[in-house]
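Topology and contacts: notes
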Amino acid sequence: MSSKVIDIFSNGAARRSTRCSVFAAISFAALLALPASAEPLAIVGGLLIDGKGGKPVKDATVLIEDGVVIAVGRRAEVDVPEGATVIDAQGKTIMPGLADMHVHLVGGWDGVSVDMLGYQRYLNSLLYAGVTTVLDTGNVMPYIIQMRNEIAAGRLTGPRIYSVGALVDGPDPAWPPLAFALSSAAQIPGIVEQLAANGVDAIKAYGGLSVPQLRDLVAEGKKTDLPVIVDFWSRTGSYDAAATAPHAFAHLPPRPLSDEALGVIVSNGIHFQTTLAVKESFAFRRLDDLSFVNLPLIVETSPPVFIDQLREYAQSPRDADRVQRSTENFNVGMASVPRLQKAGVMLVAGTDAPYPGVMLGEGLHRELELLVEAGLTPLEALQTATLNAARLMGDEGEWGTLAPGQRADVLLINGRPDRNISETRNIELVIQRGVVLDRSALTLDPATDPGFLPGTAVDGGQF
């Protein structure tokens, strides 16, 4: 059997391949129905961005089989086997699926109100936006662990989920339904044991902890191979917090780092999740021009009532002092990006979605734009949401780049995001574990959506 060639950008019309003398036409609908193991899938002729930060490769081919990348290289270097389904990617960019490594899948749009019943909306919005992996950094533990496991088993549609389970906070947790209340060091072994028993992927230490408690939590986490990610509020990035040697900080620092703090951050190999998008949200910077709510990645996945509520929020009276403090926080975060990058600190893209103007899915594209605005090159920004994201979890051998043996999470982009980062939004195709997703099935139809509204707000401040 010869290869089947698909030009998905011409309504599925087949074009003759230079590698095949005979081919059978196949509809795009038929392609969507192919299971990962049915036959090899080759994406041919596109510009390859492999996620490692290097120079893109022109006229490249990515060969996929059984949900895994089998071969990557220039077209002439990759043999496409007979029987393979071939996607013509000429004029497009092939790149890894994106990762948002700081989200909260409790739903809603404002960061405090909870919509657990509408979970499928949010999972769909992430996949629709090309986000194939997320790290949930604080949730109701049984809920998020079940969601993670059901997606992994293939019974629920959604991106791959890593999870910290519940936060570990001080004796008066900022988010009581989502947190352990830690008042004594004697509780730490038991809390870590519970987290490990639930199969979490990391531990999230929160702002109500003292430095000695954080130090003990980091030490206990190492006994069970659970890295600790820290949101220490105003102390994020401080010398004392960094000296406890956590795995990562959950946000960029709210105040300029001292040279001493930066030194201990570098020497301890501490990473930073970026979350510039949420800093921008609190500063109302994006909300001053609401034209962004008309972007396809938002319009096609958001309940109209959420957009109405967002507009109302953006136009409501503002606390001038709080906005000023948040603006300073945002500016410090932006300035810290090139400084940390130059120092060799690994930056990992995360959004803290959902918050006003920071939607699950679209928010990551905004995060990448802000990273470039802050001083990264487009390729450096893309690496924060691909290879660096996998490195954060110690799984760079499994996913995060397009290389042989990697999980086949692949995007096809209409544009050159290596030149214009905003073109990551121009998604033509999402492939998850070797399966081409039907993106039309991921859009929100108000006529069939159950219409769930966010419920009671969870007391607290910034995640």
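Residues numbered from 1 in each chain as written. Predicted model: local features only at pLDDT ≥ 70, side-chain atom pairs only at ≥ 80, totals over all residues. Heavy atoms only, no water.

Bringing the pairing of strand 17 (residues 410–413) into the picture now. Judged by which residues are buried, strand 17 turns out to be covered on both faces: Val 410 and Leu 412 on one side and Leu 411 and Ile 413 on the other are all buried. Bridge count between strand 17 and strand 18 (residues 427–432): four bridges; the pairing is antiparallel. Considered in strand 18, the bridge of Val 410 is made with Ile 431. (Buried < 20%, exposed > 50% of the residue type's maximum accessible area, 1.4 Å probe, protein only. Helix = DSSP H or I, 4+ residues; strand = E, 2+ residues; numbered from the N terminus. Pairing = 2+ DSSP bridges.)

What follows is about the sheet that holds strand 7 (residues 98–103). Taken together, the three strands give an open sheet; going across it, the order is 7-8-9, and neighbouring strands pair in parallel fashion. The open sheet has two edge strands, strand 7 and strand 9 (160–163), and neither has a second partner. Strand-to-strand twist across the sheet, computed as the mean angle between neighbouring axes with direction ignored, equals 20°. The sheet contact formed by strand 7 and strand 8 (residues 131–136) spans four bridges and is parallel. Pairing of Asp 100 across the sheet is with Val 134, part of strand 8. (Axes fitted to C-alpha atoms, helices over the stretch in contact; angles between N-to-C directions.)

Leu 105, Met 147, Val 168 and Leu 217 are the most contacted members of the largest nonpolar core, which has 107 residues in total. By residue number, the principal contributor to this core is helix 3 (residues 141–153), which donates six residues. Those residues in contact with Met 147, other than ones at most four positions away along the chain, are Leu 105, Tyr 119, Leu 123, Leu 156 and Ile 161. Formed by 17 residues, the second largest nonpolar core is a distinct cluster that contains Leu 41, Ile 87, Ile 94 and Leu 412. (Core = buried A, V, L, I, M, F, W, Y, C linked by side-chain atoms within 4.5 Å. Contact = heavy atoms within 4.5 Å.)

Orientation of helix 11 (residues 320–343) relative to helix 12 (residues 362–374), taken along the N-to-C sense of each, is 70°, at an axis distance of 8 Å. Judged by the inter-axis angle, helix 11 sits roughly perpendicular to helix 12. Helix 12 is crossed by helix 11, and the crossing has right-handed handedness. Contacts between helix 11 and helix 12 involve Phe 330, Met 334, Val 337 and Pro 338 on the former and, on the latter, Leu 370, Leu 371, Glu 373 and Ala 374. (Parallel < 35°, antiparallel > 145°, perpendicular 65-115°, else oblique. Left-handed = near helix turned anticlockwise from the far one by under 90°.)

Moving on, we get to the packing of helix 7 (residues 259–267) against helix 11. Taken N-terminus to C-terminus, the directions of helix 7 and helix 11 make an angle of 50°; their axes are 11 Å apart at the nearest point. Our classification of the angle between helix 7 and helix 11 gives oblique. Crossing hand, helix 7 versus helix 11: right-handed. Residues Asp 259, Leu 262 and Val 266 of helix 7 form the contact with helix 11, whose participating residues are Arg 339, Leu 340 and Ala 343. Grouping the amino acids of the contact of helix 7 with helix 11 by side-chain chemistry returns four nonpolar, no polar and two charged. (Nonpolar A, V, L, I, M, F, W, Y, C, P; charged D, E, K, R; others polar.)

To continue, consider the pattern of salt bridges. Counted according to the given criterion, the structure contains 20 salt bridges. For Arg 75, the salt bridge goes to Asp 59, with nearest N and O atoms at 2.9 Å. Placement of Arg 75 in the loop between strand 4 (68–74) and strand 5 (85–88) and of Asp 59 in strand 3 (residues 57–65) is noted, with a sequence separation of 16 residues between them. By relative accessible area, Asp 59 is classed as partly exposed at 36%. (Salt bridge = Lys/Arg side-chain N within 4 Å of Asp/Glu carboxyl O.)

Note that His 365 resides in helix 12. A relative accessible area of 0% means that His 365 is categorised as buried. Within the structure, the side chain of His 365 is placed 2.7 Å from the backbone oxygen of Ala 129, a separation counted as a polar contact. Ignoring anything within four residues of it in the chain, the contact list for His 365 reads Leu 98, Ala 129, Leu 297, Thr 424, Arg 425 and Ile 427. (Polar contact = N/O pair within 3.5 Å; in protein donor to acceptor, adjacent residues only side chain to side chain.)

Cis geometry marks the peptide bond from Ala 353 to Pro 354; its omega dihedral reads 5°. Even without a glycine there, the phi angle at Trp 233 is positive, about 50°. Residue classification places Trp 233 among the partly exposed positions, given a relative accessible area of 42%.

Turning next to the confidence of the model for the chain. Residues at a pLDDT of 70 or more form 91% of the chain, whose mean pLDDT is 92. Segment residues 9–35 is flagged for pLDDT under 50; beyond a separation of four residues in sequence, or across chains, it makes 53 contacts in the model. (pLDDT = per-residue confidence, 0-100.)

Summed over all chains, the structure comprises six aromatic pairs. Considering the side-chain rings of Phe 284 and Tyr 313, the 5.4 Å spacing of their centres and the 15° angle between planes classify their relative orientation as stacked. Here Phe 284, found in the loop between helix 8 (276–282) and helix 9 (296–299), pairs with Tyr 313, found in helix 10 (residues 304–314); they are 29 residues apart in sequence, far enough to count as distant. Residue classification places Tyr 313 among the partly exposed positions, given a relative accessible area of 29%. An aromatic cluster of three or more residues is present, and its members are Trp 109, Phe 284 and Tyr 313. (Phe/Tyr/Trp six-rings, centres within 6.5 Å; stacked < 30°, edge-to-face > 60°.)

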